[in-house]
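# Geometric and topological summary
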Amino acid sequence: MVKTRPTLAYLAFAVAILAGLALAVTPASAKKKSKPAEPVVEESAEDMVFAKSFIGKTYDDELPIDGWDDLGGGLVSPPIYVHEYQREDGTLLVLTSKETTPQKGDTPGSYVVLDALLVSKLRPGAVLSVACVQGDDQTLRFIGEAKGGDQKEMWTDISRAWEISLETGAITSIKPKGVKCTNPTF
């Protein structure tokens, strides 16, 4: 008996070859290239472990970090504070803390670190601002990768943003829509 119909395996093989040829001859300009909504940043595992090692750490008044410049910070909303540091290579570290004992006279206040954010690369001309708002909420509880002109008080060109929880101090990534950051040179 002679088979006149090709086997299923033969048909699947032929379809795969034809599909491969179709893809190979498609011009590069016809292939869609998608751009990510925000920069893809790979933080080193070592840096992430370093940043997260501060969570739960207690300190009085200030928290100096060897090899990092203290860029300052301030009150988000009682009892949550934010503080920013920068390493020589430009990497930024943001810590949120909770005031556990208020300052009394000459005795400094005590704090515990609640969360950490590490940002290693910013887009050209951008800064990381820990003084941002969103919409009608005027609480400075947002962090943004911001860019803008020196003549404006608030920058609205925000490529990445994070929110600081007023209850827990946790830092979470959010969509930057509606976030405005104060101009650091204004």
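Residues numbered from 1 in each chain as written. Predicted model: local features only at pLDDT ≥ 70, side-chain atom pairs only at ≥ 80, totals over all residues. Heavy atoms only, no water.

Glancing now at the state of the cysteines. Per the stated rule, a full pass over the model turns up 1 disulfide. Disulfide pairing places Cys132 opposite Cys181 at an S-S distance of 2.0 Å. Disulfide Cys132 to Cys181: torsion about the S-S bond roughly 100°, handedness right-handed. Remark: Cys181 occurs in strand 11 (residues 179–182) and Cys132 occurs in strand 6 (residues 127–134); sequence separation between them is 49 residues. Take Cys132 and Cys181: they sit in the same class, and that class is buried. (Disulfide = S-S within 2.5 Å. Helix = DSSP H or I, 4+ residues; strand = E, 2+ residues; numbered from the N terminus. Buried < 20%, exposed > 50% of the residue type's maximum accessible area, 1.4 Å probe, protein only.)

This part covers the sheet that holds strand 4 (residues 92–101). Spatially, the 5 strands line up as an open sheet ordered 1-5-4-3-2, and their pairing is antiparallel. Both outer strands of the open sheet, strand 1 (58–60) and strand 2 (68–77), are each paired with one neighbouring strand and no more. Ignoring strand direction, the axes of neighbouring strands in this sheet form an average angle of 35°. Two strands pair when backbone bridges link them, and strand 3 (residues 80–87) and strand 4 are joined in this way by 7 bridges, in the antiparallel orientation. Looking across to strand 4, one finds that Tyr81 is bridged to Ser97. Contacts between helix 2 (residues 45–52) and the sheet are confined to strand 2, strand 3, strand 4 and strand 5 (110–119), with strand 5 contributing the most and set at about 160° to the helix. (Pairing = 2+ DSSP bridges. Axes fitted to C-alpha atoms, helices over the stretch in contact; angles between N-to-C directions. Contact = heavy atoms within 4.5 Å.)

Here we have 6 strands laid out as an open sheet, ordered 8-11-6-7-9-10, and antiparallel in their pairing. In this open sheet, the two strands that pair with only one neighbour each are strand 8 (154–155) and strand 10 (171–174). Two elements, strand 8 and strand 11, share 2 bridges in a ladder whose sense is antiparallel. Its bridge partner being in strand 11, Trp155 is matched across the sheet by Cys181.

Next up on the list: the confidence of the model for the chain. Averaged over the chain, the pLDDT score is 83; the fraction of residues at 70 or greater is 77%. Overall, residues 8–40 carries pLDDT values under 50, and its contacts beyond four positions in sequence, including any with other chains, amount to 6 contacts. (pLDDT = per-residue confidence, 0-100.)

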